[in-house]
Amino acid sequence: MAAKKKPTPPKPEPVEDGRYPQTKVLSRNFGVKDSWTLAVARERGAYAALQKALDDMTPEEVLQEVKTSRVRGRGGAGFPTGVKWGFVPRAGSGGQGDKPKYLVLNADESEPGTFKDRYLMELDPHLVLEGCLLCAYACGLSTVYIYVRGEYPLCIARLEGAIREAREAGILGASVLGHEGFACEAHVHPGAGAYICGEETGMIESLEGKRGHPRIKPPFPAVEGAFGCPTVINNVETLAHVPSIVQYGGAWFGGLGIAPDPDNPRSLGSSGTKLMGVSGNVRTPGVWEFEFGITVRQLVEGYGGGAPEGRTIKAVIPGGLSMPVLTADELDVKMGFDDLVKAGSGLGTATAIVMDDTCDMVEACENIAHFFADESCGQCTPCREGCHWMEKIFTRIKRGEGTPADLDLLENLFTNIEGRTICALADAAVWPLRSIVRKFRHEFLARMPGAGGDDAAGGAAASAPHTVGAS
Amino acid sequence: MAETKSTDGGPTITIDGRVLPYEPGQTVIQVARAHGIEIPHYCYHPGLPIAGNCRICMVEVEGWGTKPQIACKLQPSDGMVVHTQSELAKAARAGTMEMLLVNHPLDCPICDQAGECHLQDYSYQLGAGRAVTTTAKTKLPKNVPFGSKIVYDAERCIKCTLCVRFCEDVAGTGELSMGGRGDEEIVIMTSRGEFETGYAMNIIDLCPVGALTSRDFRFKSRLWFMDFTPTVCTSCAKGCNVVTGGRDGRMLRMEPRENQDVNRWWMCDEGRLDYAFVNAPTRLLAPRVRDAQGGWAEVTWDDAIAAAAGALRDAPGSVLVDGNCSLEEMLLAGDLAAAMKGKAKYAAATGEADGWLRVAERGANAAGAERLGLARQKRAGTSALLVVERDANVPAALRDGSGATVVFASDETLVPDSARVVFPLGTWAERDGLLVNADGRLQEMRANGAIGPGNLTAAVEVLEDLLGELDPERDWRGQEGLRAELRAHDAFADVEFPAAREAAGVGAGS
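How each quantity is defined
Along each chain, numbering runs from 1 in the same order as the chain's sequence is written. Labels are handed out in written order, letters beginning with A for the chains and numbers beginning with 1 for the ligands. With pLDDT at 70 or above as the cut-off, local features in this predicted model cover only qualifying residues; side-chain atom pairs require 80 or more to be listed or tallied, and sums for whole chains, interfaces and linings still use all residues. By convention in this description, side-chain values take in all heavy atoms of the structure and omit both hydrogens and water. Helical segments are the DSSP runs of H or I of at least four residues, strand segments are the runs of E of at least two, and each set is numbered from the N terminus. Values of the radius of gyration come from C-alpha atoms, whereas the globule rule sets the reference at 2.2 Å times the count of residues to the power 0.38. Relative accessibility decides the category of a residue: with a 1.4 Å probe and only protein chains considered, values under 20% of the type maximum give buried, values over 50% give exposed, and everything between is partly exposed. In what follows, residue pairs with any heavy atoms lying within 4.5 Å of each other are defined as contacts. Here a polar contact is recorded for every N or O atom pair within 3.5 Å, except that within protein the pair must consist of a potential hydrogen donor and a potential acceptor, and residues adjacent in sequence are included only if both atoms are side-chain atoms. Paired strands, in this sense, are two strands between which DSSP finds at least two bridges. Buried area is understood as the total, over both parts, of accessible area removed when two parts are fitted together, assessed with a 1.4 Å probe. For this document, the term salt bridge refers to a Lys or Arg side-chain nitrogen within 4 Å of an Asp or Glu carboxyl oxygen. Every angle, taken between N-to-C directions, lies between 0 and 180 degrees, and every axis is a line fitted to C-alpha atoms, over only the stretch in contact when it is a helix. Residues belong to a common nonpolar core when they are buried Ala, Val, Leu, Ile, Met, Phe, Trp, Tyr or Cys residues joined through side-chain atoms within 4.5 Å. Here the term patch refers to residues with relative accessible area over 30% and no salt bridge, with like charges joined within 9 Å and nonpolar side chains (Val, Leu, Ile, Met, Phe, Trp, Tyr) within 5 Å. Accessible surface is estimated by sampling points in the Shrake-Rupley manner with a 1.4 Å probe; for residues, cover comes only from the protein chains shown. Convention used here: angles under 35 degrees read as roughly parallel, angles over 145 as roughly antiparallel, angles from 65 to 115 as roughly perpendicular, and any remaining angle as oblique. Whether a crossing is left-handed or right-handed is set by the direction in which the near helix is turned from the far one by less than a right angle, anticlockwise for left-handed and clockwise for right-handed. Any residue outside Ala, Val, Leu, Ile, Met, Phe, Trp, Tyr, Cys, Pro, Asp, Glu, Lys and Arg is labelled polar, Gly included; the first ten of those are nonpolar and the last four are charged. The directions considered for the arc run from the helix axis to the C-beta atoms.

Peer 1: Go over the overall build of chain A, please, and point to the residues and values.
Peer 2: Of regular secondary structure, chain A possesses 18 helices and 11 strands. For 471 residues, the compact-globule estimate of 2.2 N^0.38 gives 23 Å, and chain A sits close to it at 23 Å. Oriented by its inertia axes, the alpha-carbon framework of chain A measures out at about 80 × 55 × 45 Å. Out of the 471 residues in chain A, the part that is buried amounts to 61%. Long-range pairs, those at least 24 residues apart, make up 68% of the contacts in chain A with a sequence separation of at least 6.

Peer 1: Would you mind going over the side chain of B:Glu98 in detail, with residue names and values included?
Peer 2: Its location among the elements puts B:Glu98 in helix α2 (residues 87–102). Note on B:Glu98: relative accessible area 13%, which makes it buried. Other than its neighbours up to four places away in sequence, B:Glu98 contacts A:Trp389, A:Asn412, A:Asn416, B:Arg130 and B:Val132.

Peer 1: Run through the side chain of B:Arg283, naming residues and quoting values.
Peer 2: Checked against the element boundaries, B:Arg283 lands in the loop between α6 (269–272) and β14 (288–290). Among the polar contacts made by the side chain of B:Arg283, one reaches the main-chain carbonyl oxygen of B:Val278 at a distance of 2.8 Å.

Peer 1: Describe the pairing of strand β23 (residues 442–445) of chain B, naming the residues involved and giving the relevant values.
Peer 2: All names here are of chain B. The alternating pattern of β23 places Leu-442 and Glu-444 and Gln-443 and Met-445 on opposite faces, both of which are buried. Sheet topology places strand β22 (residues 433–436) next to β23; four bridges connect them, and they run antiparallel. In the strand pairing of β23, Gly-433 is matched with Met-445. Taking the residues between adjacent antiparallel strands as the criterion, β22 and β23 are bridged by five residues, where Gly-440 takes a positive phi near 75°.

Peer 1: So what about the interface of chain A and chain B? Which residues, and what values?
Peer 2: Residue-level contacts link 32 residues of chain A with 38 residues of chain B. Note on chain A versus chain B: buried area summed over both sides is about 2700 Å², and carbon and sulfur give 52% of it. Counting across the chain A and chain B interface gives two salt bridges. One salt bridge in this structure joins B:Arg181 and A:Glu375, with 3.2 Å as the shortest N-O distance.

Peer 1: Account for the pattern of salt bridges, with residues named and values stated.
Peer 2: Residue and element names in this part refer to chain B. Under the counting rule described, the total for this entry stands at 63 salt bridges over all chains. The salt bridge partner of Glu-116 is Arg-253, with a shortest N-O separation of 3.0 Å. With Glu-116 in the loop between α2 and α3 (118–126) and Arg-253 in strand β13 (residues 250–256), this residue pair connects regions lying 137 residues apart in the sequence. Its relative accessible area of 27% is what places Glu-116 among the partly exposed residues. Within the structure, one salt-bridge network assembled from shared partners comprises Asp-335, Glu-464, Asp-471, Arg-474, Arg-477 and Glu-485.

Peer 1: Go over the sheet that holds strand β18 (residues 375–376) of chain B with me, naming the residues and quoting the values.
Peer 2: All names here are of chain B. Read from one edge to the other, the open sheet built from eight strands follows the order β15-β14-β21-β20-β19-β16-β17-β18, with strand pairing classed as mixed. Both outer strands of the open sheet, β15 (296–298) and β18, are each paired with one neighbouring strand and no more. The strands touched by helix α7 (residues 301–314) are β14, β19 (385–388), β20 (406–409) and β21 (421–424); relative to β21, the strand with the most contacts, the crossing angle is about 135°. Contacts from helix α8 (residues 327–339) reach β16 (319–322), β17 (344–347) and β19 within the one sheet, and its direction differs from that of β16 by about 170°.

Peer 1: Summarise the nonpolar core; cite the residues concerned and give the values.
Peer 2: Core analysis: the largest hydrophobic core is formed by 67 residues, its most contacted members being A:Tyr47, A:Leu50, A:Trp85, A:Leu129, A:Leu133, A:Ile146 and A:Val148. It is helix α6 (residues 125–139) of chain A that contributes the most residues to this core, 11 residues altogether. When near neighbours in sequence (up to four residues on either side) are disregarded, A:Leu129 contacts A:Tyr47, A:Ile146, A:Ala162, A:Ile163, A:Ala166, A:Leu172 and A:Ala186. With 60 residues, the next largest nonpolar core counts A:Tyr147, A:Ala226, A:Cys229 and B:Val102 among its residues.

Peer 1: Lay out a nonpolar patch on the surface in plain terms, naming residues and giving numbers.
Peer 2: Taken together, A:Phe79, A:Val83 and A:Phe87 make up a surface patch of nonpolar side chains, about 270 Å² in accessible area. Checked against the element boundaries, A:Val83 lands in helix α4 (residues 81–86).

Peer 1: Which residues make up the packing of helix α13 (residues 361–375) of chain A against helix α14 (residues 381–398) of chain A, and what values do they have?
Peer 2: Residues and elements named next belong to chain A. Two elements in contact, α13 and α14, have axes whose closest approach is 8 Å; the angle formed by their N-to-C orientations is 155°. Relative to α14, the element α13 is oriented roughly antiparallel. As for how α13 packs across α14, the hand of that crossing is left-handed. Judged by residue contacts, Val-362, Glu-363, Cys-365, Glu-366, Ala-369, His-370, Phe-372 and Ala-373 of α13 engage Cys-387, His-388, Met-390, Glu-391, Phe-394, Thr-395, Ile-397 and Lys-398 from α14. Classifying every residue of the contact of α13 with α14 by side-chain character gives nine nonpolar, three polar and four charged.

Peer 1: Can you explain the sheet that holds strand β10 (residues 212–214) of chain B? Please cite residues and give values.
Peer 2: Residue and element names in this part refer to chain B. Strand order in the open sheet formed by three strands is β6-β7-β10, and the pairing between neighbours is antiparallel. Two strands lie at the open edges of the sheet, namely β6 (144–146) and β10, each paired on one side alone. Across the sheet, the axes of successive neighbouring strands diverge by a mean angle of 35°, strand direction being ignored. Pairing of strand β7 (residues 150–152) with β10 involves three bridges; the strand directions are antiparallel. Across the sheet, the residue bridging to Val-151 is Thr-213, located in β10.

Peer 1: Would you mind going over the pairing of strand β4 (residues 231–235) of chain A in detail, with residue names and values included?
Peer 2: Residue and element names in this part refer to chain A. By the criterion of burial, β4 is predominantly enclosed, with five of the five residues buried. With burial as the criterion, each face of β4 is covered, one bearing Thr-231, Ile-233 and Asn-235 and the other bearing Val-232 and Asn-234. As judged from the five bridges shared by strand β1 (residues 102–107) and β4, these two strands associate in the parallel manner. Across the sheet, Leu-105 pairs through a bridge with Asn-234, a residue of β4.

Peer 1: Can you lay out helix α11 (residues 296–303) of chain A for me, pointing to particular residues and giving the numbers?
Peer 2: Residues and elements named next belong to chain A. Turning to α11, its buried residues number three or more, namely Val-296, Leu-299, Val-300 and Tyr-303. Down the axis of α11, the smallest arc covering the buried residues is 110°, so these residues share one side. In this structure, the buried residues of α11 make contact with β7 (273–280), β8 (286–291), β9 (313–317), β10 (326–327), α12 (337–342) and β11 (351–356). Phi turns positive, to about 80°, at Gly-305, one or two residues after α11.

Next comes the structure, spelled out in structure tokens:
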């Protein structure tokens, strides 16, 4: 057998202005004409990794490459993908293992300020589909359900187009790429606009035609998920990484980015590349792909362009809305899973929301609390009652009717909401709010008559507009 | 370190310092319950799937950090150490109480649930005893009809979903769902009009607060003015275990009582509401005899017994009893029939079975009657003595066709023209006695002292007096003696009787 030419992985793109370089692995086809069509995608290497896996690798070997890569979930939680796949009971093991098994692709990108998966689905749907098929091959899954955010009509159209093309080309169907014994189908399921349906078990309920109420875990979806069967749920970007992991090897991917902390045996590091975004009070919002290692400041200033003319950055939520806020002098931390946790925040979806000095933090909190109060599914008492209660308190403070005791009450509510619910929506509500209340306490006191706050700061903020998130 | 092995070496968990064995599949709340440790709960119910949403059953698990766990879902593992009264657990529950009350209306003074409300109880036990919010409460729909029998108040609702899960998972009809999000989430009825299930009113009992109230019962009485008595429903022969509630002579409601062998926790709506005749304005209140003009004269019980004995001596015959009569009453009916050289018979209606609890046989003690050898009266036939509680069991054709001169009836509309002496009969809610249900299970019917005219001599006593008049050789047995005789009876050799002490303690409700 003739030795195949070893494909070479993308390299960091040279930069001349001293900015952190981009590395285009996932985004290599962004901007290419008709990149979403099968013809163009194939010309540019689509399904080569799938072909390689089917020709040369066992499912177990694909799983091993993913484990070696140490790729972590890109939806926000950062769970190691290979470990998650390893939980799926194998066929022939009896019980759950012998049931049909599903992949649910979490494409319900509804986190405020987050629009990275949208790029992948609109511009490279075949890459997404290839990732799904590799996952299905590795884990023995027969059906892919792509649960897409309903407000993404172009994504829905491009994914459906890609599925149609793939089916016609024999990439989907009874024998994937002619490989006997590997049958796989894919279906697009548009969501109906609920944030909670992006939570994996809420998504499964929704997919089953029920209300998006998250389930209590365990059992975890990998064992008992959609329709009572073993189900892998992964984020779009996570699976889009798999073709290059298979193509260039898990070791290649694992060698990129931030290595695990050698002093911390539980550290997993942040391997590979990552789509990162910036929105909010910046000059050039957008999405770019970097090898892990870029700092928050390098991202929001180097690529986001910094605060608009004449303003300064006040605070940044590094990953969507659901993470604790960083102040302007805390931005020299790397955009990495462990690094940001160590800095008291989290990577989340790695799409930074920037607030400048015109942003009123009291109103920002009211806005954030409103979002979570509105999106709380209503299932668990602390989240259902607590999120709106917090919003009411922020409204009261905004109107100048608050007292310092309200800040103590808020702290009490944070404690009684965080970690007291079935899913993490309540935690996601508490984390940004608590960090803002703690780090910008003076702005809250300034809104309280006679509370001795910093009047100058409060006065400037009170008259200024603000924008937080893109709900 | 506490001892973590049970004496037989099986797995154990430690709850509040007590080492407790557990069965596979049990959750911590169940293990605790089985050993007398009550962990507060709203959304947990042993007969429904676990929802884990109310967050009041949170407990601390040693070594699991500062995140409290919900006991309703927590699977025990060998050696697990659980604290229900630690600072963390208590603070977590108090925090949940605070959340539950922040939007809950303070309308306890006009709420039917007051007095049996878990929110009240847990506020008292676990709440902070102070209000920390000054913000306006969220407004939600009130007085929403759920079918014709149930009324929903979304503001009182704590969204535990017990009612939704009952309709979905127990009744299987799924009329209810949650709707809306956040603190505007409410229970909605997904079908218009009536519930498909004939068991919808169980959701009123399940509701831990006053969000679901009974159209039949609401605003009728404060609970603490009522008396409650555990008994069995006699609307059909299933014998669902129930509690009757009454006040000032009126029966106000009936609710199911848990019995895993009969009705689990449930009862049908038809049976639950089958008590209007108890409160009928035409109830008989005093014994009466025909006077010379053919009208009625009210007399004393003794005079009525003497008159009845005379009537039965003059015209002896058979005895026909209602299929809802107790075993004691039926035993005496047999003895009386024998004394008159007649036959003892019973009459009972049949109806539709619903495939769940309600059975076709409507005679609550028809099975008992058969065991005692009473024949079922299907067509009109003559009898000297008639006992009738329910129109359906002993319809007009049987009553009028009996030609009975001595009649025990709960209502004057049930008295045939042939009657010379009439004794007022207590309804099943007012009588004590034993019944055998359709499954051959012996159960106890108990009188609620707050229901009925209240001055009625028990039919079983009057029947025994009559027997004494007709057969002076007979010893007085009384209810205890009758039960002893039944216990020794061949027909009940395979039946388990209630404990003698419990039987002796039968009396008016609390």
